[in-house]
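Residue strings, one per chain:
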Amino acid sequence: MNMAVVGMVAGIALGFAGYFGGFGAFLLVAALGAIGFIVGRFLEGDLEPGDFFRSRERGDRRR
């Protein structure tokens, strides 16, 4: 599946959740979708847990 189809399916799911469940359901579906996306990236090997918890190096700071 290409990314346009995945985006369309996600939009349809969010639309149904917002229409039938209200704004709270819309936010729940959006949050679970984001979590699923991040977990999928971990499983594919595109992200590592250290990417979120790594502290900044002193040389990387801008003043």
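Our structure is the block above this text.
These lines cover the structure that appears in this document, whether it is placed above or below. It should be emphasised that the depicted structure is a prediction, and the values quoted were computed from it without experimental measurement. (Residues numbered from 1 in each chain as written. Predicted model: local features only at pLDDT ≥ 70, side-chain atom pairs only at ≥ 80, totals over all residues. Heavy atoms only, no water.)

A few words now on helix 1 (residues 3–44). Spanning 42 residues, helix 1 covers only 15 Å between terminal C-alpha atoms, well under the ideal 62 Å at 1.5 Å per step. The sharpest bend along helix 1 measures roughly 145 degrees and falls at G21. With its phi angle positive at about 90 degrees, G45 sits one or two positions after the end of helix 1. (Helix = DSSP H or I, 4+ residues; strand = E, 2+ residues; numbered from the N terminus. Expected span 1.5 Å × (residues − 1). Bend = angle between axes of the 7 residues up to and from the residue.)

A few words on the packing of aromatic side chains. Counting across every chain of the model gives 3 aromatic pairs. Taking the centre distance of 5.9 Å and the plane angle of 10 degrees together, the rings of F16 and F20 count as stacked. Placement of the pair is F16 and F20 together in helix 1, with a separation of 4 residues, close to one helical turn. Accessibility assignment for this pair places F16 and F20 in one class, exposed. With centroids separated by 4.9 Å and ring planes inclined at 85 degrees, the aromatic side chains of Y19 and F20 adopt a geometry described as edge-to-face. (Phe/Tyr/Trp six-rings, centres within 6.5 Å; stacked < 30°, edge-to-face > 60°. Buried < 20%, exposed > 50% of the residue type's maximum accessible area, 1.4 Å probe, protein only.)

On the surface, a nonpolar cluster with roughly 1,200 Å² of combined accessible area is contributed by M1, M3, V5, V6, M8, V9, I12, F16, Y19 and F20. Tracing the backbone shows Y19 in helix 1. Exposure remark for Y19: the relative accessible area of 68% places this residue in the exposed category. (Patch = residues over 30% accessible without salt bridge, like charges linked within 9 Å, V, L, I, M, F, W, Y side chains within 5 Å. Areas by Shrake-Rupley, 256 points an atom, 1.4 Å probe, with all protein chains shown as cover. Salt bridge = Lys/Arg side-chain N within 4 Å of Asp/Glu carboxyl O.)

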